[in-house]
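Here are the chains, one letter per residue:
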Amino acid sequence: MTRVISVVSGKGGVGKTTMTSNLGVALSKHGEDVVIIDGNFSGANIAQHFGMGFQDVSLNDVLEGDAYITQAVAKHPEGVSVLPASILEFESETENLKHSLIDFLGDKDYVLIDAAAGVGDEVEAAVEASDEVLWYLNLSSHR
Ligand SMILES: Nc1ncnc2c1ncn2[C@@H]1O[C@H](COP(=O)(O)OP(=O)(O)O)[C@@H](O)[C@H]1O
Ligand SMILES: [Mg+2]
């Protein structure tokens, strides 16, 4: 069964993208079939964490109905699949994310969503699409 997990936090800069990337690579090294999704539709950065640059087809094209989700997936040499978003403006509804993930269900072992900062529409879409939420805390400012 596919586990869809979003990594969420009320804040930016706390380590969500780093943690999502490392968790995805670690799980794939344990033989799991993992896809990491960039939930930052308006501030994409997961592909940059993997040194992959921008793709011709992004998650935003999928959400707009202009591409199949499988067209937007890029396989990283570490074995993990990455689904980059785009920094370009897009018009579609963020709720399309849950529907777009259907092709992965029963196919991938894990779908990890690196959510945007805050609690806006993009984060809500990630949480709605997920079975589980990993709430990321960084307590360094409370020391
Ligand atoms: N465990 C950690 N210890 C120290 N620095 C970290 C840790 N995790 C992430 N960072 C650094 O913190 C910054 C923000 O991380 P990032 O993963 O982009 O956060 P977010 O996705 O929550 O905005 C980056 O410079 C990253 O290298
Ligand atoms: Mg991030």
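Rules and cut-offs
- Residues numbered from 1 in each chain as written.
- Chains lettered and ligands numbered in written order.
- Predicted model: local features only at pLDDT ≥ 70, side-chain atom pairs only at ≥ 80, totals over all residues.
- Helix = DSSP H or I, 4+ residues; strand = E, 2+ residues; numbered from the N terminus.
- Rg over C-alpha atoms; globule rule 2.2 N^0.38 Å.
- Buried ≥ 20, exposed ≤ 12 C-beta atoms within 10 Å, placed from the backbone.
- Pairing = 2+ DSSP bridges.
- Contact = placed C-beta atoms within 7 Å.
- Axes fitted to C-alpha atoms, helices over the stretch in contact; angles between N-to-C directions.
- Near = placed C-beta within 6 Å.
- Nonpolar A, V, L, I, M, F, W, Y, C, P; charged D, E, K, R; others polar.
- Arc of directions from axis to C-beta.

## Section: the overall build of the protein chain
Inference 1: Tallying secondary structure elements over the protein chain gives 6 helices and 6 strands in all.
Inference 2: Helices and strands appear in the protein chain in the N-to-C order β-α-β-α-α-α-β-β-α-β-α-β.
Inference 3: Over its C-alpha atoms the protein chain spans a radius of gyration of 14 Å, differing by no more than 12% from the 15 Å that the globule rule assigns to 143 residues.
Inference 4: Viewed in the frame of its principal axes, the protein chain has a C-alpha envelope of about 45 × 35 × 30 Å.
Inference 5: Across the 143 residues that make up the protein chain, the buried fraction comes to 38%.

## Observations concerning the sheet that holds strand S2 (residues 34–39)
Inference 1: Reading across from one edge, S3-S4-S2-S5-S1-S6 is the order of the 6 strands in this open sheet, with mixed pairing throughout. With partners counted over all chains shown, the strands left at the sheet margins are strand S3 (74–75) and strand S6 (132–135), one partner each.
Inference 2: Note that S2 and strand S5 (residues 110–115) share 6 bridges and pair parallel. Each residue of the ladder has a partner; that of Ile 37, found in S5, is Ile 113.
Inference 3: Of the strands in this sheet, strand S1 (3–8), S2 and S5 touch helix H1 (residues 16–29), which is tilted by about 165° from S5.
Inference 4: Relative to S1, helix H6 (residues 121–129) is tilted by about 150°, and along the sheet it contacts S1, S2, S5 and S6.

## Let's talk about the site of ligand 1
Inference 1: In the vicinity of ligand 1, the contacting residues are Ser 9, Gly 12, Gly 13, Val 14, Gly 15, Lys 16, Thr 17 and Thr 18.
Inference 2: Along the lines of polarity and charge, the residues of the shell around ligand 1 split into 1 nonpolar, 6 polar and 1 charged.

## Concerning the pairing of S2
Inference 1: Burial runs high along S2: 6 of the 6 residues are buried.
Inference 2: Alternating positions in S2 separate into two faces, Val 34, Ile 36 and Asp 38 on one and Val 35, Ile 37 and Gly 39 on the other, with burial throughout.
Inference 3: Pairing geometry for S2 and strand S4 (residues 81–83), over 3 bridges, is parallel. What sits directly across from Val 35, in S4, is Ser 81.

## What to know about the environment of Ser 21
Inference 1: Assignment of secondary structure puts Ser 21 in helix H1.
Inference 2: Take Ser 21: there are 21 C-beta atoms within 10 Å of it, and that puts it in the buried class.
Inference 3: Distance from Ser 21 to Ile 113, taken between C-alpha atoms, is 9.8 Å for residues 92 residues apart in sequence.

## Details of H6
Inference 1: Residues of H6 that are buried: Glu 122, Val 123, Ala 125, Ala 126 and Ala 129. Taken around the axis of H6, the buried residues stretch over an arc of 160°, which confines them to a single face.
Inference 2: For H6, the elements touching its buried residues are S1, S2, helix H5 (96–100) and S5.

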